[in-house]
Amino acid sequence: MSWQAVGIFDSGVGGLTVLRELSRVIPQEDTIYFGDTARVPYGTKSPETVTRYAHEITSFLIRRDIKLLVVACNTASAVALPSLKRHFPIPVVGVIEPGARRAVEVSRSGRIGVIGTAGTIRSSAYTRAIKRLNPQAEVLTRACPLFVPLAEEGWVDNQVARLTAQTYLQELKEAGIDTLVLGCTHYPLLKPVIAEVMGAGVTLVDSAAETALTVAGILRQKKMLRPASEKGNHHYYVSDIPAGFIRVGNRFLGGRLGDVYQVNLDEDGEEG
Ligand code: DGL
């Protein structure tokens, strides 16, 4: 058992969908969340830049003595996970592998769709992970960048959301996939409209939920899980002023955020 917290980071508010699932599956754990709100979005940036950001944030969280790191951001998981695992001495869990595993489990036809940011789709990380598990699988991908601002604006159930989803998903629908991976932190908020467009024959896989189960499994296996009778505390850090993060974050978390602190990663490094 370990009383240290679980660290979790994302480019901004999106990772709160992963935190929400973590608090549902392992409510006894303390968490420290970092949202890189000064540098969001990651989905449009190069792998080199996102990897550098991911290293800076992981160093920050490790200085706060976390026992495990969750890379909640799909883009950061897609491009930076191997490098983080090599450099840092704690278990590092991304969202790609759990989502891919679940997709392979639920797909009957092996025709699997993946949607995500431009960076995630360009990296082919989901395609590689799915094909490692099922070399026969056919993976069809589509970047859906406009879903991110729609989710943040709260436009998840109106005509704009519906038309955007129809436009992005038309080809995947026509290709006859039976499973669709929501490969971006923001997409669970658009689940109803995505489900409506794809129809009842397509199973949606939410990486956030699968990742939470993976984290619980690792903590249990390493005997680091706190007793179920405990109640975890949650701390939040952001790199820009907290106002916008708090406003949008409450909706992503599906509850009220606690105190949110702004930090300057460079200065923190000097102090630490
Ligand atoms: N968190 C990012 C992801 O899951 C979406 C937002 C961004 O582009 O930074 O890929």
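Here the structure is shown first, and the text comes after it.
Residues numbered from 1 in each chain as written. Predicted model: local features only at pLDDT ≥ 70, side-chain atom pairs only at ≥ 80, totals over all residues. Heavy atoms only, no water.

Some thoughts on the site of the ligand
Lining the immediate surroundings of the ligand are 13 residues, of which Asp-10, Ser-11, Tyr-42, Gly-43 and Thr-75 lie closest. Asp-10 places a side-chain nitrogen or oxygen 2.8 Å from a nitrogen atom of the ligand. Within the contact set of the ligand, an oxygen atom lies 3.0 Å away from a backbone nitrogen or oxygen of Asn-74. When the free accessible area of the ligand is taken as 300 Å², the share hidden by the protein chains comes to 98%. Looking at side-chain class alone, the shell around the ligand contains 5 nonpolar, 7 polar and 1 charged residues. (Near = heavy atom within 4 Å. Polar contact = N/O pair within 3.5 Å; in protein donor to acceptor, adjacent residues only side chain to side chain. Areas by Shrake-Rupley, 256 points an atom, 1.4 Å probe, with all protein chains shown as cover. Nonpolar A, V, L, I, M, F, W, Y, C, P; charged D, E, K, R; others polar.)

Quick word on the packing of helix α2 (residues 47-63) against helix α3 (residues 74-87)
Two elements in contact, α2 and α3, have axes separated by 9 Å at closest approach and are oriented at 55°. By the angle class used here, α2 and α3 are oblique. Like other packed secondary-structure pairs, α2 and α3 cross with a definite hand, here right-handed. From α2, Pro-47, Val-50, Thr-51, Ala-54, His-55 and Thr-58 reach across to α3, where they touch Thr-75, Ala-76, Val-79, Ala-80, Ser-83, Leu-84 and His-87. (Axes fitted to C-alpha atoms, helices over the stretch in contact; angles between N-to-C directions. Helix = DSSP H or I, 4+ residues; strand = E, 2+ residues; numbered from the N terminus. Parallel < 35°, antiparallel > 145°, perpendicular 65-115°, else oblique. Left-handed = near helix turned anticlockwise from the far one by under 90°. Contact = heavy atoms within 4.5 Å.)

Here we look at the sheet that holds strand β4 (residues 92-94)
Within a sheet, neighbouring strands are paired by backbone hydrogen bonds and run either parallel or antiparallel to one another. Strand order in this open sheet of 6 strands is β4-β3-β1-β2-β9-β10, and the pairing throughout is parallel. Single-partner strands in this sheet number two, and they are β4 and β10 (260-262). Each adjacent strand pair in this sheet contributes to an overall mean axis angle of 20°, direction not counted. In the sheet, strand β2 (residues 31-35) pairs with strand β9 (residues 234-238) via 5 bridges, with the strands oriented parallel. Bridged to Thr-31 within β9 is His-234. (Pairing = 2+ DSSP bridges.)

Some details on the pairing of strand β8 (residues 203-206)
Inspection of the sheet shows strand β7 (residues 179-183) paired to β8 by 4 bridges, in the parallel sense. Bridged to Leu-182 within β8 is Asp-206. Between the parallel elements β7 and β8, the chain passes through helix α9 (residues 191-198) in a crossover that is right-handed. (Right-handed = clockwise from strand over helix to strand, strands pointing away.)

Overview of the side chain of Glu-21
Structurally, the position occupied by Glu-21 is in helix α1 (residues 16-25). Beyond its immediate stretch of four places on either side in the chain, Glu-21 contacts Ala-208, Ala-209 and Ala-212.

Remarks on the sheet that holds strand β5 (residues 111-116)
The sheet built from 4 strands is open, its strands ordered β6-β5-β7-β8 with parallel pairing. The open sheet terminates on both sides in strands that have one partner only, identified here as β6 (138-143) and β8. In this sheet, neighbouring strand axes are inclined to one another by 25° on average, regardless of whether the strands run parallel or antiparallel. As paired strands, β5 and β7 are joined by 5 bridges and run parallel to one another. Within β7, the position partnered with Ile-112 by the bridge is Thr-179. Lying on the sheet, helix α10 (residues 207-221) is in contact with β7 and β8; it crosses β8 at an angle near 50°.

Some thoughts on the nonpolar core
Membership of the largest hydrophobic core comes to 53 residues, with the highest contact counts inside it found for Leu-16, Ile-115, Phe-147, Leu-169, Leu-180 and Ile-194. In this structure Leu-180 touches Gly-113, Val-114, Ile-115, Leu-169, Leu-172, Ile-194, Met-198, Val-202, Thr-203, Leu-204 and Val-205, once residues within four positions along its chain are discounted. (Core = buried A, V, L, I, M, F, W, Y, C linked by side-chain atoms within 4.5 Å. Buried < 20%, exposed > 50% of the residue type's maximum accessible area, 1.4 Å probe, protein only.)

Structural notes on the packing of aromatic side chains
Aromatic ring pairs are defined here through the distance separating the ring centres and the angle between the ring planes. Taken as a whole and assessed by the stated rule, the structure comprises 8 aromatic pairs. Centre to centre, the rings of Phe-147 and Tyr-187 are 5.2 Å apart; their planes meet at 90°, and the pair counts as edge-to-face. Pair noted here: Phe-147 is in helix α7 (residues 147-153) and Tyr-187 is in the loop between β7 and α9, with a separation of 40 residues, a long-range link. Cluster of aromatic residues (ring-pair linked, three or more members): Phe-34, Phe-60, Tyr-237 and Tyr-261. (Phe/Tyr/Trp six-rings, centres within 6.5 Å; stacked < 30°, edge-to-face > 60°.)

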